[in-house]
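# A look at the structure
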Amino acid sequence: MKKIILATMVGAMLTATSCNDMLDVVPQGSPTADDYWRSEKNAVTAINSIYADFSNDDMYGRGFFWLSNGSDDIGTKPRAFSENVKAFKITGNESEIKGVWGVHYKVMKQCNDILRNVPNIEMDEALRNRVLGEAHFHHAVMHLELAYHYGDNRAGIPIMDRKDPKNFYVKRTNSVQENYAFIAEDLKKAAELLPYFEAYKGGDYGRPHKTAAWSYLARTYLYAGDWANAELYAGMVIDSKKHSLVPDFAELFTIKNNFSSEYIWSVTSSAKNTTMGSIFPGVLLEDKGWNQYNGWGVFYPTQDLYNEFEANDTRREATILKTGDKFMYFGVEATFNEGAYTVSSSNRTGLQFRKFMEPFGYPKVYGSIDSRYVNTNGDKPSTALNVPLVRYADVLLMMAEAKLKQGKNADAEINLVRQRAKLAPKSGATLDDLKHERRCELAGEWTDRHFDLVRWGDAKAKYAKPLYHAYAKDKDGAIQVIYAGRDFNPAIHHVWPIPPDEIAVSQGTLWQNEGW
Amino acid sequence: MRATSIVCILATVLLSAAYAHGVSGQQVLNQRLTLNVKNEPLPQVLKRIQQLVDVNFSYKSADLAPGENVTLSVRDSELKDVLAQLLAPAGLDYAVANKNIVIRKAPRREQTSVQDVDITGTILSETGEPLPGAAVVVKGTSIGTTTDADGTFKLRVPDNGILVVSFIGYNVYEEQIGNKVNFEIQMVADITQLQDVVVVGYGTVQRSEVLGAVSTVGLKEASSRNYNTAAELLMGTVPGVTVMNNGGDPTATGDIKIRGIGSMNKENPLIILDGVIFEGAINAINPNEIENISVLKDAASAAIYGARASGGVILITTKKGRTSNHVEVSYQQGVQRVGKMLKALNANERAELTNIATDNAGVARIPAFDAARDPDARITRTNWMDEIFQTGITNNIDVSMDGGNEKSNYYISGGYRRNKGILLNTQSERYSVRVNSSHELWKGVRFGENISYSLWDGQTGNTSSAYTGAIMAALYYPTNATIYRQDGSGKFGGVPELHANAYGDLINPVAYLKRLDQSNPTSTLLINPYVEIKPLPGLLFRSNWAITQKRLDAKEFNVKVLETGKIFDFNELYQTSDNYNSFLTEQTLTYEKTVGDHAFTVLAGYTYQRNKRNMFRVRGTEFDYEDPQYRYLRNAQVIEARESNGDEDIIMSYVGRVNYNYKGRYLLSGIVRRDGTSKLLSPNRWETYPSVSLGWNISQEPFFQNVTVVSDLKLRGSWGMIGNLGALSAYPYAVGLARTQAWVGLDPQYTYGYGETGLSNADLKWETSEQQNIGLDFGLLEGRLIGSFDVFKKKNYDMLFRKVLPGNAGSPDGQWINGGNVVNKGFELGLTYRKSTGELTYDVTANVARVKNEIGFITEDNRFQNTGPVVRTLPQANINLVGNALGSFYGFKTDGLFRSNDEAAAYVNAKGQRLQPNAVGGDFKFLDTDNDGVIDNDDRVVLGNPFPKFTYSFNANVGYKGFDLNLFFQGIQGNDIFNTTRLLGLNPGYGYNMLAEAKEAWSPDNTNATIPRLSMKDNNNNWTRVSDFFIEDGSFMRLKNITLGYTLKPELLGGARLRVYVTGQNLFTITNYSGMDPEVGIGNSGVDTGMYPVSKIYMAGINLKF
């Protein structure tokens, strides 16, 4: 008996110890980077992941718009952080702005993964070109947005190592011009590889196309101060004849015109899912949405902006709601700032951007918000309206700016825009005319009035003037000042501070912009 | 004879915990043996008996007269008869406890002729358990017997005698017989507990042979307190073990940390339940099923469990059957209430203070707070803090049965506990069942199994988010709002519709809580069969198998929220299934041998564990009806598969241990372990970890025999290394791509994609924890005062953690790396004083421990990485900084407030420039700590950390004539808490109602204030910088428990034992912390986001044993 037991025991020990490769397991879950780049499908799913960040609030929800708030177009719901932006006194570490840096680099990194791996996949050439073109394009757009926010001629921003994703510690470039040059190269490649918008079927609307790449080239060169190239690429967009202005300015900002003839590049959005889409329209909507919707009421147009418009400019009423203006709100005609539609005290200016309000006009269905237009989740107030990033009017105005800067005549471009606004044409339009047109045409959009002013060298003078409420009076009976004149130092405030937490972990490759 | 006087212990290490518990003294004595000896020395004969039957002899060699050889021939006789024949002629007798038989000199015989009487009696342990095998003798005679399985005895004695009862581990009891014929004697434990068997890894040792920092929690300490969870059994009972509630949430588990936090890589204690790695949550274990707990604190003790033991090991042994049948029923019921509530402003005060804040900021007054425009906003209608709390109710019932005979025994128990929390609509429930049994199939082969099943379910509200926490919302919700609409519709009310925006984006906290609909049934099934085979004397083979299945089927329904304030016009149902399966097998072989004064035990083993997890989560939305009976996916119009995933990992180990002792004085133990894991790639996959410990029983040295003050003294030291994988993910060398969803297209469609968001690392290796420990165990005053003192140092190096990469790496999920080390140093002291005087018995235990946590090194790029929760728009408050504790609070130092505008203007640097150009009276004065003349981020310094400097506890038990009283205080000292309620509750800028404290804010009339001036603007960054204003001392001392019980005399109930008691918990707290409750734990990095507070509990209970 004992022998049997002993034998069993020894046997058990031996069988248990004999397999050494028992530690090999097959990783479960989603594919890994090493195993991923195998087929055409993977190339497409890889590029698709880029678009997920369009729903990221740090991207086109609020993100850099917090900093656009430095401009004279916007009054912001009173909160410490936005007051500090207005006063150019942020640290860069505030949670509203800190993450924007990383999200942009995340997209660039994924673009680089695609640029590194997709050339080695056996696949349809046309599709490969499109995917690579998309990657070059997205990398460039992210790169540009970061570059002009943080980089100047003293130092640019790090250009990621496209070959080695583990080489994180890349120094700031010597000048932002190096960044602009890199961005331009990417965009040129993108333009070469991408088709025209018309080549896409509906299911692929929202992917970049040739004229979008040219448009961003124009914008890049504008920031780089290379007027000739800006003119060249804006001109290529115009000459392509692929785009035209939508006749009615107000119609432009409607869901049905998400992909109109004027569309060049925008944030594709939808309200069908409670956790996705761009919240920008909800962010601009009246705080608490007159008790019908969770509007966030963050950014409001200033009276100063309103006053910029010529009296008969049709864009004014399409852009700004003022007291007494009628608008549709969940199927009911409402009167702005009257009765049930009185604005809340967090409305800083007494006005409201109207450009992005169309989705909130549709009636409720059986008492519920219609999720075809507006997100039912108050924590994610996205809509089915795409948020434009570049539209044809912007290209025309960039063209005009590039021409004027070179002493050329830009009446044609400026008048196209004015004509649509039902304004009399100008002849011999000046740079000041261009600035006026740009402000009126693109107010409240992501074209960034603040950096327009910085680029034009107008910020110091403009910001020194106070901004006023639309109608509220102070105790002396004068119109209330909402922001006193601000002290903008062009040597410091033309860029924003890099998040100090990023600098802290950068092993010396990042340093703070001077003066911040 | 006192146990303390036993000098030489030959008994070798007892091997099996399960076996040790299955044996009674009576069983030992009933073992049968055949023996033929001729003229052999007695010690040698005893040794032969040890080899034949399962018994250990202990004796003082001096008592066994040399030269007196014995001759004996018995055939299939019971051990007790053999011992009688063997020992009586030598003038010896014996006492028995478990498998240990202590042989000692019999009292001198006195032949007296007196009248004999028959007496009977029962010998009970301190806790009222019968003690089988206790020696009952008449003093000075050879008249005596041992108690049977029920602890009873019968004896014919002279009426003038003195009855002497002795039992190992207990003080000797003496009583004049007189006319008494029925005795019920409750023994008092001998606190030196030298013969206690201590459960250690893969076996047990006697306390005198423990070499490492090992603490035990016996039933004694546990009996009179009331426990919600098994974690609470460890609260304050073991020095160096910190159990902190993460608030009072009925669904929360306490944090258990042994000797601090060792690593950035989550290092938690390993729970071993009846010898098997327990993969469930500790709150799945019913505390009433627990027989005892051992805690292995140092590396050398824990090393035997290797791979996952660097955070210490908690060995839990559940109750086992005895040789007679018992039934125990206990019931508890109680109520609980909130301790401290925070006070918010009333409506009028809020309006006034808000107006001050707008005036101070130079902005227009908010219409809602203009009495002329909105008088209604000044009417206080609801005290939300009162409304979100309720009286909690706890019910607990446990039933257990056990029994058996010499060959088999069983223990069956079942329990149910319901805990209705103090926050509306929060509760938890636990059902538990356990069956333990063991059977001797044939001689030398024992088979047993432990089977347990528990089902845990609960519902709780969010109290950990600085955005949506229910308690935060109650503090900040407008008091002029009402719970229900004032129109009588019965619908929940929102913020007032007029000027709704003035009240911030909060939802009605009562509505939020009442709407909760979650179920989280988590079932844990553990099946653990084992077999023990003793093929040869001294050789034991144990084969241990375990299957753990943990299953969660969660359901959560969120209804539409349509009240004014923050509208969510959608409903959703989440269904989640999460299955975890673990398979474990352990084969160990133990051989023990004694050669002369040298005793050896050698263990070799192999273990293999495979864990598999599978989960999926589905979400359904757009339900037409929200009635509870329709909350099923079939009624959702849209169904999304949100996530489905799985992983698998394997750990394999070879282990060897040698224990050696010489005469019980010099002790040595060495362990070598080789661990392999599937989480790493070769060549780093396998690692070998050694450990060694030494001990010296000074009090057993001959030269120490004359020292009477010190009854016991042992010095021990250990060094060891253990690997730690902590929270390392299953495949850090092959990180999966993130699955994404995006909108693309004219009519945008879900477009799925894959992107790399975290980097793999193929070069990872084991994190190693190296620990040194020096300890001293002592007994003074004849063993009435015992204590132990340990000093330790623990260093975790090659620390594994998920490195947060710089933003421009573009990989937000970071990368697992080995980088850095953390050192924990500290000491632990535990002291117990125990005495009985007549019918009064009492004992007092005090524990104190200090742990200092310090990051010794961290890779360069992680030096300034912030961690911890995000609180609103503040930067993260925690940081990992070399030379400081993990997750230290990091921010600006203030020197209070500027008392006036002039004072603010006068705050200048060396060049005469203002340091805070925007500051006015009532703003914080930030210190220019780096003296560079500018206040900026470089002036941030470490402001404290969430870890206590000291933890201490004080536990007292008093017994008198059936009454028992327990008092238990617990304290922690020197930890810091980031009080977020002050951030949101004192800053009018958030637009919420504020704390009542806001009335004490700085104003020109109150310039000595500590709370900054009220302002809608924050030009001085008072509220956007983490500063020492928010960091508070979290020290507290709390009466965790007070219990008064009474045990009826068993005679009144036919031998059954009935105890009734009342108990109170958390009845008072001494603290300076201004938040609701200082017991916020470390789960949230010491950040109090209005956490669910620990409640005051009042309970009554009844316990019946028969």
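Chains are numbered independently. Their residues run from 1 in the order of the written sequence. All chains are assigned letters beginning with A, and all ligands numbers beginning with 1, in the order in which they are written. Only residues with pLDDT of at least 70 are given local features in this predicted model, and only at 80 or more are side-chain atom pairs given and counted; all residues enter the totals for whole chains, interfaces and linings. Excluded from the side-chain calculations are hydrogens and water; all other atoms, namely the structure's heavy atoms, are used.

## Here we look at the overall build of chain B
Rules: Only runs of H or I of at least four residues qualify as helices and only runs of E of at least two qualify as strands under DSSP, and these elements are numbered from the N terminus. Radius of gyration: C-alpha atoms only; globule rule: 2.2 Å multiplied by the number of residues to the exponent 0.38. Here the term buried applies to any residue with accessible area under 20% of the maximum for its type, exposed to any over 50%, and partly exposed to those in between, with areas from a 1.4 Å probe on protein chains only. Between two residues, a contact is recorded if the distance between any of their heavy atoms is within 4.5 Å. In this description, accessible areas are obtained by the Shrake-Rupley approach with a 1.4 Å probe, and a residue is regarded as covered only by the protein chains that are shown. Neither His nor the chain ends is counted toward charge; the positive residues are Lys and Arg and the negative residues Asp and Glu. Lysine's charge is taken at NZ, arginine's at CZ, aspartate's at CG and glutamate's at CD.
When helices and strands are counted, chain B shows 12 helices and 59 strands. Taking 32 Å as the expected radius of gyration for a compact globule of 1106 residues, we find that chain B reaches 33 Å, a close match to that expectation. C-alpha extents for chain B along the principal axes are approximately 110 × 70 × 65 Å. The buried share of chain B, reckoned over its 1106 residues, is 61%. Pairs at least 24 residues apart make up 70% of the contacts formed inside chain B by residues separated by at least 6 positions. On chain B, roughly 41,000 Å² of surface is accessible, and the fraction owed to carbon and sulfur atoms is 53%. Taking the average location of the 108 positive side-chain charges in chain B and that of its 114 negative ones, the two points are 3 Å from each other.

## Regarding the pairing of strand 25 (residues 427-442) of chain B
Residue and element names in this part refer to chain B. The cut-off we apply is this: Any two strands with at least two DSSP-identified bridges between them are counted as paired.
Sheet analysis places strand 24 (residues 408-420) next to strand 25, joined by 13 bridges and oriented antiparallel. Each bridged residue has a counterpart across the sheet, and for K420 the counterpart in strand 25 is Q427. Alignment of strand 25 against strand 26 (residues 445-459), held across 15 bridges, turns out to be antiparallel. By the bridge assignment for strand 26, E440 is matched with R446. Counting the residues between successive antiparallel strands, the hairpin from strand 25 to strand 26 contains two residues, one of them, G444, with a positive phi of roughly 85 degrees.

## With respect to the packing of aromatic side chains
This is how it is decided: A pair of Phe, Tyr and Trp rings is counted when the ring centres sit within 6.5 Å of each other, with Trp represented by its six-membered ring. The angle between the planes then sorts it: under 30 degrees is stacked, over 60 is edge-to-face, the rest tilted. By the criterion adopted, a ring carries a charge over it if an Arg CZ or a Lys NZ lies within 6 Å of its centre and within 35 degrees of its normal.
A full pass over the atoms with the stated rule returns 83 aromatic pairs over all chains. Each ring, one from Y36(A) and one from W37(A), has its centre 5.0 Å from the other, and the planes form 80 degrees; the classification is edge-to-face. Aromatic pair F197(A) and F259(A): ring centres 6.2 Å apart, planes at 10 degrees, arrangement stacked. With F197(A) in the loop between helix 9 (176-193) and helix 10 (210-224) and F259(A) in the loop between helix 12 (249-252) and strand 2 (263-267), this pair connects stretches of sequence that are 62 residues apart. Accessibility classification places F197(A) together with F259(A) in one group, the buried group. Lying over the aromatic face of Y196(A), K210(A) brings its terminal NZ or CZ to 5.9 Å of the ring centre. Over the aromatic face of F1036(B) sits the side chain of R1038(B), whose NZ or CZ is 5.5 Å from the ring centroid.

## Overview of the nonpolar core
Applicable threshold: Within this scheme, the nonpolar core is defined by two criteria: the residues are buried Ala, Val, Leu, Ile, Met, Phe, Trp, Tyr or Cys, and they are joined through side-chain atoms within 4.5 Å.
If you look at the biggest cluster of nonpolar residues, it comprises 150 residues, and the most contacted ones within it are F137(A), W265(A) and Y329(A). The contact partners of W265(A), leaving out residues within four places of it in the chain, are Y51(A), F54(A), F137(A), H138(A), G206(A), R207(A), P208(A), Y216(A), P388(A), L389(A) and V390(A). One finds I366(B), I483(B), L984(B) and A1001(B) within the second-largest nonpolar core, a separate group that totals 76 residues.

## Examining the confidence of the model for chain A
Residue and element names in this part refer to chain A. For clarity, the cut-off: For every residue, the pLDDT score states the predictor's confidence, bounded by 0 at the bottom and 100 at the top.
For chain A, mean pLDDT is 93; residues scoring 70 or higher make up 96% of the total. Within chain A, helix 1 (residues 2-17) has the poorest average pLDDT of any element, 51, and helix 9 the best, 98. The model gives residues 14-19 a pLDDT under 50, and that stretch makes five contacts with residues more than four places away or in other chains.

## Let's talk about a nonpolar patch on the surface
Residue and element names in this part refer to chain B. Where we set the bar: Candidates for patches are residues over 30% relative accessible area with no salt bridge; among them, like charges are joined within 9 Å and nonpolar side chains (Val, Leu, Ile, Met, Phe, Trp, Tyr) within 5 Å. The salt bridge definition used is simple: a Lys or Arg side-chain nitrogen within 4 Å of an Asp or Glu carboxyl oxygen.
On the surface, Y591, V595, F600, V602 and V658 cluster together into a nonpolar patch covering about 380 Å² of accessible area. Looking at the nonpolar patch, the elements that each hand over two or more residues are strand 30 (572-595) and strand 31 (598-623). On the secondary structure map, V602 appears in strand 31.

## Observations concerning unusual backbone geometry
Residue P683(B) is bonded to the preceding S682(B) through a cis peptide linkage, with omega at 15 degrees. Tracing the backbone shows P683(B) in the loop between strand 33 (666-677) and strand 34 (686-697). One non-glycine residue, K422(A), adopts positive backbone phi at about 60 degrees. Note on placement: K422(A) falls in the loop between helix 17 (411-420) and helix 18 (431-442). By relative accessible area, which is 53% here, K422(A) ends up exposed.

## Regarding the packing of helix 16 (residues 392-405) of chain A against helix 18 of chain A
Residues and elements named next belong to chain A. We count it as follows: Helix axes are fitted only over the stretch in contact, all axes being lines through C-alpha atoms; the angle between N-to-C directions runs from 0 to 180 degrees. When describing relative orientation, an angle under 35 degrees is termed roughly parallel and one over 145 degrees roughly antiparallel, while 65 to 115 degrees is termed roughly perpendicular and anything else oblique. Handedness of a crossing is defined here by the sense of rotation of the near helix relative to the far one, left-handed for an anticlockwise turn of less than a right angle and right-handed for a clockwise turn.
In the contact formed by helix 16 and helix 18, the axes pass within 10 Å of each other and the chain directions differ by 165 degrees. With respect to each other, helix 16 and helix 18 are oriented roughly antiparallel. For the pair helix 16 and helix 18, the sense of crossing is left-handed. In this structure, helix 16 contributes A393, D394, L397, M398, A400, E401, L404 and K405 to the contact, and helix 18 contributes L431, L434, E437, R438, E441 and L442.

## Let's talk about helix 17 of chain A
All names here are of chain A. When you tally the buried positions in helix 17, you get seven out of 10 residues, the bulk of the element. Turning to helix 17, its buried residues are D411, E413, I414, N415, V417, R418 and R420. Turning to helix 17, the residues buried within the fold contact helix 11 (227-240), helix 12, helix 15 (314-319), strand 8 (387-391), helix 16 and helix 18. Positive phi appears at K422, one or two residues downstream of helix 17, with a value of about 60 degrees.

## Quick look at the side chain of R657(B)
All names here are of chain B. Summarising the element assignment, R657 is placed in strand 32 (residues 636-662). Despite its burial, R657 pairs with no opposite charge; the closest candidate is E592, at 9.5 Å N-O. Residues in contact with R657, not counting those within four places in the same chain, are V200, G201, Y202, I304, T601, V602, L603, S669, G670 and I671.

## Quick word on the interface of chain A and chain B
Convention followed: Here the buried area means the combined drop in accessible surface, using a 1.4 Å probe, for two parts upon being joined, counting both sides. Two N or O atoms count as a polar contact when they lie within 3.5 Å, although within protein this holds only if one can serve as hydrogen donor and the other as acceptor, and sequence-adjacent residues are included solely when both atoms are side-chain atoms.
Between chain A and chain B, the contact holds 98 residues from the first and 98 residues from the second. Around 8,200 Å² of area is buried between chain A and chain B when both sides are counted, 59% of it from carbon and sulfur atoms. One can count four salt bridges joining chain A with chain B. Remark: the boundary between chain A and chain B carries 31 residue pairs in polar contact (both at pLDDT 80 or more). Taken together, the elements giving at least two residues each to the side of chain A that touches chain B come down to helix 1, helix 2 (33-36), helix 3 (40-52), helix 6 (80-86), helix 7 (95-117) and helix 21 (500-504) of chain A. With 10 residues, the single largest contributor to the side of chain A that touches chain B is helix 7 of chain A.

## Some remarks on the side chain of D287(A)
Its location among the elements puts D287(A) in the loop between helix 13 (280-284) and strand 3 (299-301). For D287(A), the side chain forms a polar contact with the side chain of K77(A), separated by 3.4 Å.

## With respect to the sheet that holds strand 18 (residues 270-273) of chain B
Residues and elements named next belong to chain B. On the basis of which strands lie adjacent, the open sheet formed by five strands has the order 15-20-21-18-19 and mixed pairing. Each end of this open sheet is capped by a strand with a single partner; those strands are strand 15 (214-217) and strand 19 (276-277). Note: strand 18 against strand 21 (residues 313-318), four bridges, orientation parallel. Counterpart to I272 in the pairing with strand 21 is L315.

## Regarding the pattern of salt bridges
Taken as a whole, this structure holds 89 salt bridges over all chains when the rule is applied. One salt-bridge network, held together by shared partners, links E262(A), E310(A), D313(A), R315(A), K355(A), R391(A), R418(A), R420(A), E437(A), E441(A) and E445(A).

## A short note on the confidence of the model for chain B
Residue and element names in this part refer to chain B. Of all residues in chain B, 92% attain a pLDDT of 70 or more, and the chain-wide mean is 84. Model confidence for chain B, summarised as mean pLDDT per element, is weakest for helix 1 (residues 17-22) at 32 and strongest for strand 49 (residues 924-926) at 95. Here residues 1-23 is modelled with pLDDT under 50, and outside its nearest four sequence neighbours on either side it reaches 77 contacts, counting other chains as well. Segment residues 109-113 is flagged for pLDDT under 50; beyond a separation of four residues in sequence, or across chains, it makes four contacts in the model. ipTM for the predicted complex: 0.92, alongside a pTM of 0.84.

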